[in-house]
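For reference, the chains in residue letters:
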Amino acid sequence: MLAIIVKRIGNAALVMLVVAFIAFMIFQFLGDPVQLMLNAQASQEERVALRLRLGLDQPVVMQFFSFVIRAVQGDFGISFRNQREVMSLIAERFPATFELVMVSTVLALAIGVPLGVFAAINPKNPAARIARMISMVGVSVPAFVIGIVLILVFSVQLGWLPAFGRGEVVQFGTWSTGLLTPSGRLALIMPATSLALFQISFIMRLVTAEMLEVLRTDYVKFARARGLPDRIVHFRHALRNCMMPVVTMTGMLIGDLIAFALVTETVFQWPGMGLLFVQAVMFIDIPVMAAYLMIVSVIFITLNTIVDFIYLAVDPRLRQTGTAGGANVR
Amino acid sequence: MSVEQTVKMPAAPRFARLRTFLDGDLVYGFLRTPSAVISAIVLLVIALTAIAAPLLSPQDPYDLTQLYLDKAELPPIWTAEGQAPYLLGTDVQGRDIFSAILYGSRISLMIGFASVIVSVMIGIVVGLTSGYVGGRIDNLLMRIGDLVLSIPTLLVAILVSAIFRELLPVSMRDAFTPVILTTSIAITSWVQYARIVRASTMVEARKEYVLAARILRLPPLRIMLTHILPNVMTAVLVTATLNLGLAILAEATLSFLGVGMPVTQPSLGTLIRIGNQYFFSGSWWVVLFPALQLSLIILAVNLLGDWLRDALNPKLR
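Residues numbered from 1 in each chain as written. Chains lettered and ligands numbered in written order. Predicted model: local features only at pLDDT ≥ 70, side-chain atom pairs only at ≥ 80, totals over all residues. Heavy atoms only, no water.

## What about the overall build of chain A?
Next up, step 1: Assigned secondary structure in chain A consists of 13 helices and 2 strands.
Next up, step 2: The buried share of chain A, taken over its 330 residues, is 47%.
Next up, step 3: Here the contacts in chain A between residues at least 6 apart in sequence split such that 69% fall between residues at least 24 apart.
Next up, step 4: When the accessible area of chain A is evaluated, it comes to approximately 16400 Å², of which 67% is carbon and sulfur surface. (Helix = DSSP H or I, 4+ residues; strand = E, 2+ residues; numbered from the N terminus. Buried < 20%, exposed > 50% of the residue type's maximum accessible area, 1.4 Å probe, protein only. Contact = heavy atoms within 4.5 Å. Areas by Shrake-Rupley, 256 points an atom, 1.4 Å probe, with all protein chains shown as cover.)

## Topic: the overall build of chain B
Next up, step 1: Scanning chain B from N- to C-terminus turns up 13 helices and 0 strands.
Next up, step 2: Within chain B, the fraction of its 317 residues that count as buried is 48%.
Next up, step 3: Long-range pairs, those at least 24 residues apart, make up 70% of the contacts in chain B with a sequence separation of at least 6.
Next up, step 4: When the accessible surface of chain B is split by element, carbon and sulfur atoms take 68% of a total near 16100 Å².

## Observations regarding a nonpolar patch on the surface
Next up, step 1: A surface patch of nonpolar side chains, amounting to about 370 Å² of accessible area, comprises Phe98, Met102, Phe172 and Trp175 of chain A.
Next up, step 2: Mapped onto the elements of the fold, Trp175 of chain A is located in strand S2 (residues 175-177). (Patch = residues over 30% accessible without salt bridge, like charges linked within 9 Å, V, L, I, M, F, W, Y side chains within 5 Å. Salt bridge = Lys/Arg side-chain N within 4 Å of Asp/Glu carboxyl O.)

## Considerations on the packing of aromatic side chains
Residues and elements named next belong to chain A.
Next up, step 1: In total, this model carries 4 aromatic pairs over all chains according to the counting rule given.
Next up, step 2: Ring plane angle 35 degrees and centroid distance 5.8 Å describe the contact between Phe94 and Phe98, whose orientation is recorded as tilted. Placement of the pair is Phe94 and Phe98 together in helix H5 (residues 86-121), with a separation of 4 residues, close to one helical turn.
Next up, step 3: Between Phe277 and Tyr292, the aromatic rings sit 4.4 Å apart at their centres with planes inclined by 20 degrees, giving stacked as the arrangement. Highlighted residues: Phe277 in helix H11 (residues 273-283) and Tyr292 in helix H12 (residues 286-314), separated in sequence by 15 residues.
Next up, step 4: Exposure remark for Phe277: the relative accessible area of 0% places this residue in the buried category. (Phe/Tyr/Trp six-rings, centres within 6.5 Å; stacked < 30°, edge-to-face > 60°.)

## Remarks on the UniProt feature "transmembrane region" (unreviewed entry) in chain B
Residues and elements named next belong to chain B.
Next up, step 1: As recorded in UniProt, the sites labelled "transmembrane region" (unreviewed entry) are residues 36-56, 107-128, 140-164, 176-197, 232-263 and 283-305.
Next up, step 2: Here residues 140-164 runs as 88% helix and 0% strand, with 26 Å between its end C-alpha atoms.
Next up, step 3: In the segment residues 232-263, helix accounts for 81% and strand for 0%; the C-alpha atoms at its two ends are 41 Å apart. (UniProt positions renumbered as here; feature names shortened; annotations may be inferred.)

## Focus: the interface of chain B and chain A
Next up, step 1: Each side of the interface is counted separately: chain B has 38 residues, and chain A has 43 residues.
Next up, step 2: With both chains or domains summed, chain B and chain A bury close to 3500 Å², and 82% of this area falls on carbon and sulfur atoms.
Next up, step 3: Contact with chain A buries area across many residues of chain B, yet Leu155, Leu159 and Leu257 of chain B alone supply 14% of it, more than any other trio.
Next up, step 4: The shortest N-O distance in the salt bridge between Arg205 of chain A and Asp306 of chain B comes to 2.8 Å.
Next up, step 5: Across the side of chain B that touches chain A, the residue classes break down as 28 nonpolar, 6 polar and 4 charged. (Buried area = accessible area lost by both parts, 1.4 Å probe. Nonpolar A, V, L, I, M, F, W, Y, C, P; charged D, E, K, R; others polar.)

## Concerning the UniProt feature "transmembrane region" (unreviewed entry) in chain A
Residue and element names in this part refer to chain A.
Next up, step 1: Mapped onto this numbering, the UniProt entry gives "transmembrane region" (unreviewed entry) at residues 12-30, 100-121, 133-156, 186-207, 246-270 and 290-314.
Next up, step 2: For residues 133-156, the helix share is 92%, the strand share is 0%, and the end-to-end C-alpha distance is 28 Å.
Next up, step 3: Helix makes up 92% of residues 246-270 and strand 0%, and the two end C-alpha atoms of the span are 28 Å apart.

## Things to note about the nonpolar core
Next up, step 1: Formed by 151 residues in total, the largest nonpolar core has its most connected members in Phe144, Leu262 and Phe277 of chain A together with Ile158, Ile272 and Leu294 of chain B.
Next up, step 2: Among the elements that make up this core, the one with the highest residue count is helix H11 (residues 220-257) of chain B (16 residues).
Next up, step 3: With 7 residues, the next largest nonpolar core counts Leu141, Val148, Val191 and Ala194 of chain B among its residues. (Core = buried A, V, L, I, M, F, W, Y, C linked by side-chain atoms within 4.5 Å.)

## Structural notes on the environment of Asp256 of chain A
All names here are of chain A.
Next up, step 1: Tracing the backbone shows Asp256 in helix H10 (residues 230-268).
Next up, step 2: Residue classification places Asp256 among the buried positions, given a relative accessible area of 14%.
Next up, step 3: Separated by 44 residues in sequence, Asp256 and Phe300 place their C-alpha atoms 8.2 Å apart.

## Some thoughts on the pattern of salt bridges
Residues and elements named next belong to chain B.
Next up, step 1: Summed over the entire model, instances satisfying the criterion amount to 6 salt bridges over all chains.
Next up, step 2: Among the salt bridges present, the one from Asp146 reaches Arg143, with a minimum N-O distance of 2.4 Å. Linking Asp146 with Arg143, this pair stays in helix H7 (residues 135-149), spanning 3 residues, or about one helical turn.
Next up, step 3: Here Arg143 falls in the partly exposed class, since its relative accessible area comes to 45%.

## Things to note about the packing of H11 of chain B against helix H12 (residues 268-276) of chain B
Packed helix pairs are specified by the crossing angle of their axes together with the interaxial distance, meaning the distance between the axes.
Residue and element names in this part refer to chain B.
Next up, step 1: Running from amino to carboxyl end, H11 crosses H12 at an angle of 35 degrees, the nearest separation of the two axes being 7 Å. The two elements H11 and H12 meet at a crossing, and its hand is right-handed. Judged by residue contacts, Ala252, Ser255, Phe256 and Leu257 of H11 engage Gly269, Thr270, Ile272, Arg273 and Asn276 from H12.
Next up, step 2: For the contact of H11 with H12, the per-class residue count stands at 4 nonpolar, 4 polar and 1 charged. (Axes fitted to C-alpha atoms, helices over the stretch in contact; angles between N-to-C directions. Left-handed = near helix turned anticlockwise from the far one by under 90°.)

## Focus on unusual backbone geometry
All names here are of chain A.
Next up, step 1: We note that Gln269 has phi near 45 degrees; this positive angle belongs to a residue other than glycine.
Next up, step 2: Locating Gln269 in the fold gives a position in the loop between H10 and H11.
Next up, step 3: In this structure Gln269 comes out as partly exposed when scored by relative accessible area, which is 39%.

## Quick look at the side chain of Ser194 of chain A
Next up, step 1: Position of Ser194 of chain A among the secondary structure elements: in helix H8 (residues 182-215).
Next up, step 2: According to the relative accessible area criterion, Ser194 of chain A is buried, its value standing at 1%.

## Focus on the confidence of the model for chain B
Next up, step 1: Put simply, chain B has an average pLDDT of 80, and 83% of its residues get 70 or more.
Next up, step 2: Reported for the predicted complex are a pTM of 0.81 and an ipTM of 0.78. (pLDDT = per-residue confidence, 0-100.)

## Considering the confidence of the model for chain A
Segments scoring low in pLDDT should not have their predicted coordinates read at a detailed level.
Residue and element names in this part refer to chain A.
Next up, step 1: Summary statistics for chain A give a mean pLDDT of 78 and a share of 88% for residues scoring 70 or more.
Next up, step 2: Across chain A, H5 holds the top mean pLDDT of 85, while helix H13 (residues 317-321) sits lowest at 60.
Next up, step 3: Taken together, the stretch residues 321-330 has pLDDT below 50 and engages in 19 contacts with residues farther than four places along the chain or on a different chain.

## Considerations on helix H6 (residues 126-140) of chain A
Two residues of an α-helix separated by three or four positions point the same way, owing to the 3.6 residues in each turn.
Next up, step 1: Compared with an ideal rise of 1.5 Å per residue, which puts 15 residues at 21 Å, H6 of chain A spans 21 Å between its outermost C-alpha atoms and is within 8% of the ideal.
Next up, step 2: The elements touched by buried residues of H6 of chain A are H5 and H8 of chain A together with helix H13 (285-312) of chain B. (Expected span 1.5 Å × (residues − 1).)

## A look at the environment of Leu211 of chain B
Residue and element names in this part refer to chain B.
Next up, step 1: Relative to the assigned elements, Leu211 resides in helix H10 (residues 208-215).
Next up, step 2: When its relative accessible area of 45% is taken as the criterion, Leu211 is described as partly exposed.
Next up, step 3: Along the chain, Leu211 and Ile223 lie 12 residues apart, while their C-alpha atoms are 9.7 Å from each other.

## Observations regarding the packing of H11 of chain A against H12 of chain A
Residue and element names in this part refer to chain A.
Next up, step 1: Remark: H11 packs on H12, axes separated minimally by 9 Å, with the N-to-C direction vectors making an angle of 140 degrees. Classified by the angle between their axes, H11 and H12 sit oblique to one another. With respect to the hand of their crossing, H11 and H12 are arranged in left-handed fashion. Facing Met273, Gly274, Leu276, Phe277, Ala280 and Val281 of H11, the residues of H12 in contact are Val288, Met289, Tyr292 and Val296.
Next up, step 2: Broken down by class, the residue content of the contact of H11 with H12 amounts to 9 nonpolar, 1 polar and no charged. (Parallel < 35°, antiparallel > 145°, perpendicular 65-115°, else oblique.)

In structure tokens, the structure reads:
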């Protein structure tokens, strides 16, 4: 058991190192930082001095090494675009993304799981059919299209909800939240809905498919034969065994939501780190791009590793072989 | 000379294979699934109109000399200010939305199909090698696959697309954008195929017919391509259909974010991006119709993919 955990963590660390290498290579390939940071009139001495100061005279391996050391300490350099420390830029934007993603995750699980169970238990119910049809539309219509349609209806036509921004926020030191002000909550409704809609549909379809499969198994039939009421059979016997893929999904879901938040943030001009990244890509602001890549990867890989551990804790069969086979359901 | 060629098949009537296919379960089931038939028809219409775009559209949206600024921001034809050739209105540059949608669908479908084909090919090569050769090569290839999956795909696609664009000289950028987009989508989606092909290859490789082929001393490449591959293709095709929707979505997302097709050669995603900048001024048609077309394409592809998966799934028979 311990060996498996250590191996998992080692794997995650190795993947992180490779991601760091990719981020480092982006720096190496895209332009000379000396040329980007100094103006054209800079003298040769100034160039050499900067080159020495940035450590660019060192061998590539040493440069990569110091890059990783600095990254671990949260030092990603200075943004080319607005000459500020990348880390403080991202720290400023992180709460907005975090809030958006958390609210969407809660929405996705709170709506997706019950709907999925409902559709599986009553496959012939017209409401369940409609829910299944809507879920098909939900996984097909792009999130940015849903966002635009929501803005067209609720902001442009009806004028009920703000079309962009975060509303008023309350500051707690470096953390800011919009959940405590009425305008902040109003501003959150549309971005969170459009971000969650794909995941609601996805979770619903997943739970329905799993439930239908479990309901066909012998132990469910046997529970029915014992005369247990439907409610107990469905929720205590069947649903429990459907939750495994949902646990995996929730881990991946949060990762996906963080990545897809950048689309939603672009549509609603939500001041999160996704919007920061999209703007950085437009200007080829490499330090911001690299920092975002690494931070999102850290979150993603950490979540996946935690999911693997949950798997090990929940499913004793995996502890023997040491492979979390179910972790690859997608 | 190989064995298959010495055994003569009885002379079959012409189109016999087509006949058996048409009489088979697949076609029977298809015709009795309304959602699949409707999706197929919708897709066929969209594909045909996209291919025939130069014949059907009143304007060539790539030709800047055909854009008139005095015809800019016209609403659709059924509203009071609508004007004759512009069926769905025009955007701020006087581009006819209807023509732009036809040409845009063309690009979206083309990049979607191309990236699926490229990722299927990468997946097949990697999966067959991994599953048949095994050992260290298998380990290495699968680790690379894990690595690709451990970074969010959208992020990888954005970065790859942005970096390739930056590396190309400005004069070549626009011409190569479809290739860059196809590559960046394919790079993020081949792993799934590789895993499927690898898993089925490992099962097939142990079966008697492969053993027989190996006893005949056929070269490994030939065993992989002509013996194993046909038996693993069904699963690959189903996944490819399901992923086509995702590929089209990925291209649209990249274009919408501004790292995809340029404004001079708009895909559906680019059109939505353009429309998104102007709909606050009231011209909703610029953004709504391309969005509708894009959603319709992805929905139809997904419904077809769903049907195909269920139809070919032996568990549900």
